[in-house]
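# Structure assessment
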Amino acid sequence: MNLSPELIEAFRATYPHGYSEALIRIDKPGGDFFYAVPFETEEISYLVKVDVKIDTKPEEDLDKDYYADDDDEISGADQIADSPDDDDDE
């Protein structure tokens, strides 16, 4: 962000829990686009350009990361089930 420290503080106060719900996509001529967050002060209205990482992995590939095979078991579940509990009596 190319905002002064005072504006950055005001921006953070405006979005204390994050700004993901306020993101808007700005389409540019030629098919390019960027994301921005609206931010208003008493004097000026800003569109603060932010970098956004877009997940381009197909949903089927995401499922493969979590499920070992087609048996719907979560990868690593055996290691979790076999790990000792922290609440064991000594």
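I will try to describe carefully the structure that is included in this document.

Scoring rules and cut-offs
- Residues numbered from 1 in each chain as written.
- Predicted model: local features only at pLDDT ≥ 70, side-chain atom pairs only at ≥ 80, totals over all residues.
- Heavy atoms only, no water.
- Helix = DSSP H or I, 4+ residues; strand = E, 2+ residues; numbered from the N terminus.
- Contact = heavy atoms within 4.5 Å.
- Areas by Shrake-Rupley, 256 points an atom, 1.4 Å probe, with all protein chains shown as cover.
- Pairing = 2+ DSSP bridges.
- Salt bridge = Lys/Arg side-chain N within 4 Å of Asp/Glu carboxyl O.
- Buried < 20%, exposed > 50% of the residue type's maximum accessible area, 1.4 Å probe, protein only.
- Phe/Tyr/Trp six-rings, centres within 6.5 Å; stacked < 30°, edge-to-face > 60°.
- Arc of directions from axis to C-beta.

A word on the overall build of the protein. Scanning the protein for helices and strands turns up three helices and three strands. Contacts in the protein between residues far apart in sequence, at least 24 positions, make up 20% of those at least 6 positions apart. Of the roughly 8,100 Å² of accessible surface on the protein, a fraction of 46% belongs to carbon and sulfur atoms.

As paired strands, strand β2 (residues 33–40) and strand β3 (residues 45–50) are joined by six bridges and run antiparallel to one another. Bridging across to β3, Val37 finds its partner in Val48.

A separate point is the pattern of salt bridges. As enumerated under the stated definition, the model contains one salt bridge in all. Put simply, Arg25 and Asp27 hold a salt bridge, and the shortest N to O gap is 2.8 Å. Among the residues examined, Asp27 registers a relative accessible area of 54% and is labelled exposed.

Attention now goes to the environment of Leu3. Within the fold, Leu3 resides in the segment before α1 (5–14). As a C-alpha pair, Leu3 and Val48 span 45 residues in sequence and 8.7 Å in three-dimensional space. Those residues within four positions of Leu3 in sequence are excluded, and the remaining contacts are Ile8, Tyr46 and Val48.

Throughout the structure, instances matching the rule amount to five aromatic pairs. Seen in terms of ring centroids, Phe11 and Phe39 are 5.4 Å apart; in terms of plane orientation they differ by 75°. Their pairing is edge-to-face. Residue Phe11 is found in helix α1, and its partner Phe39 is found in strand β2; the two are separated by 28 residues along the sequence. Neither residue differs from the other here; Phe11 and Phe39 are each classed as buried. Pairing Phe39 with Tyr46 gives two aromatic rings, centres 5.8 Å apart and planes at 25°, and the pair type is stacked.

On to α1, then. Because each turn of an α-helix spans 3.6 residues, side chains separated by three or four positions in sequence point in the same direction. Those residues of α1 lying buried are Leu7, Ile8 and Phe11. Along α1, the residues classed as buried sweep out an arc of 100° about the axis, all on the same side. Opposite the buried face of α1, at more than 90 degrees from it, the exposed residues are Pro5, Glu6, Glu9, Arg12 and Ala13. Of the surrounding elements, those touching the buried residues of α1 are β2 and β3.

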